[in-house]
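# Understanding the architecture of this molecule
What follows is the residue order along each chain.
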Amino acid sequence: MSDICDIPGSITAPRHLAIIMDGNGRWALSRGKQRVSGHREGANAVRRVISLSAQLGVKELTLFAFSSENWKRPALEVNALMTLFVQAIKKESKSLKENGIKTCIVGDKTRFPAILQDQIKKVEELTKDCSVMKLNIAANYGGRWDILQATQKLLKKCTEENLNFNELNEDSISQNLSVPTDVDLLIRTGGEKRISNFLMWQAAYAELFFTDTLWPDFDKKDLIEAFTFFNSRERRFGMTSAQVQNKEKDNAD
């Protein structure tokens, strides 16, 4: 586990942290290497951030590993990513279990190779009772797909159980998404400033933190910088500052 003794005690972790892990390919190309080597190095950053997040008190961590649009990339890179995914799950499953990390792969898994689908089932079963932190790996995932599949589930349920469509509400949608909980802080590495079809519903009120750091280089200082930014934000959820302050005062009394 990573050393956190030098982390300021005043830092409060977001309950649900989401990260768009961008920059693996550029990290590799800038060093004269093949893009896949950047993905391998990015796997080390994943391990690092999972460990730190759990120690700092994050209760749920969602990582964007492979979007539904990433199938458009060169076949060699996609195949290498699938192989790396299988290897990473095999290698890390025991550690995830030992450290209390409940692991779920979210997205449309039907397109994955059978060997990968098998490994996904194994790690999810192995860690299903873990309670330190929930880890969601978003793979073959897209925010629009997520909302669509949630809507389809609800329509099917309403039809089969003769329920009233007009009684559906926002909670109904949320509870049928791949990731039901709202995101508090969304980090994107690699310099881009967009959310790229990631957790579109869940991130409606998320604080957004963009960094130029490429994902393989993302480390403790970058995470603390993001958490410091998060702690500086006043989360109003449509209220005024005065209302937020009065609410906090009432809760403290």
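Since this is a predicted model, take the numbers as computed values, not measurements.

Time to look at the sheet that holds strand β6 (residues 207-210). Read from one edge to the other, the open sheet built from 6 strands follows the order β3-β4-β2-β1-β5-β6, with strand pairing classed as parallel. The two strands at the open ends of the sheet, each matched to only one other strand, are β3 (101-106) and β6. For this sheet the average axis-to-axis angle between neighbouring strands, irrespective of direction, equals 20 degrees. With 4 bridges connecting them, strand β5 (residues 185-188) and β6 associate as parallel partners. If you follow leucine 185 over to β6, its bridge partner there is glutamate 207.

Inspection of the secondary structure assignment puts leucine 168 in the loop between α5 (143-161) and α6 (170-174). Overall, the relative accessible area of 33% leaves leucine 168 in the partly exposed class. Spatially, the C-alpha atoms of leucine 168 and leucine 154 are 8.3 Å apart, while their sequence positions differ by 14 residues. Residues contacting leucine 168, with those up to four places away along its chain left out, are Leu154 and Cys158.

Before going further, it helps to examine the pairing of strand β1 (residues 16-20). The element β1 is largely enclosed, with a buried count of 5 among its 5 residues. Going residue by residue along β1, you find His16, Ala18 and Ile20 tucked away on one face and Leu17 and Ile19 tucked away on the opposite face as well. Across 5 bridges, the pairing between β1 and strand β2 (residues 60-67) is parallel. Bridging across to β2, alanine 18 finds its partner in threonine 62. Bridge count for β1 against β5 is 4 bridges, and the pairing is parallel. Paired with alanine 18 across the bridge in β5 is leucine 186.

Inspection of the entire model under this criterion finds 9 aromatic pairs. Ring centres of phenylalanine 64 and phenylalanine 198 lie 4.3 Å apart, and the angle between their planes is 10 degrees; this geometry places the pair in the stacked category. Here phenylalanine 198 lies in the loop between β5 and β6 and phenylalanine 64 lies in strand β2, a separation of 134 residues in the sequence. Looking at phenylalanine 64, the relative accessible area reads 9%, which means it is buried. Pairwise contacts between aromatic rings join Phe64, Tyr141, Trp145 and Phe198 into one cluster.

Analysis parameters
Residues numbered from 1 in each chain as written. Predicted model: local features only at pLDDT ≥ 70, side-chain atom pairs only at ≥ 80, totals over all residues. Heavy atoms only, no water. Pairing = 2+ DSSP bridges. Helix = DSSP H or I, 4+ residues; strand = E, 2+ residues; numbered from the N terminus. Axes fitted to C-alpha atoms, helices over the stretch in contact; angles between N-to-C directions. Buried < 20%, exposed > 50% of the residue type's maximum accessible area, 1.4 Å probe, protein only. Contact = heavy atoms within 4.5 Å. Phe/Tyr/Trp six-rings, centres within 6.5 Å; stacked < 30°, edge-to-face > 60°.

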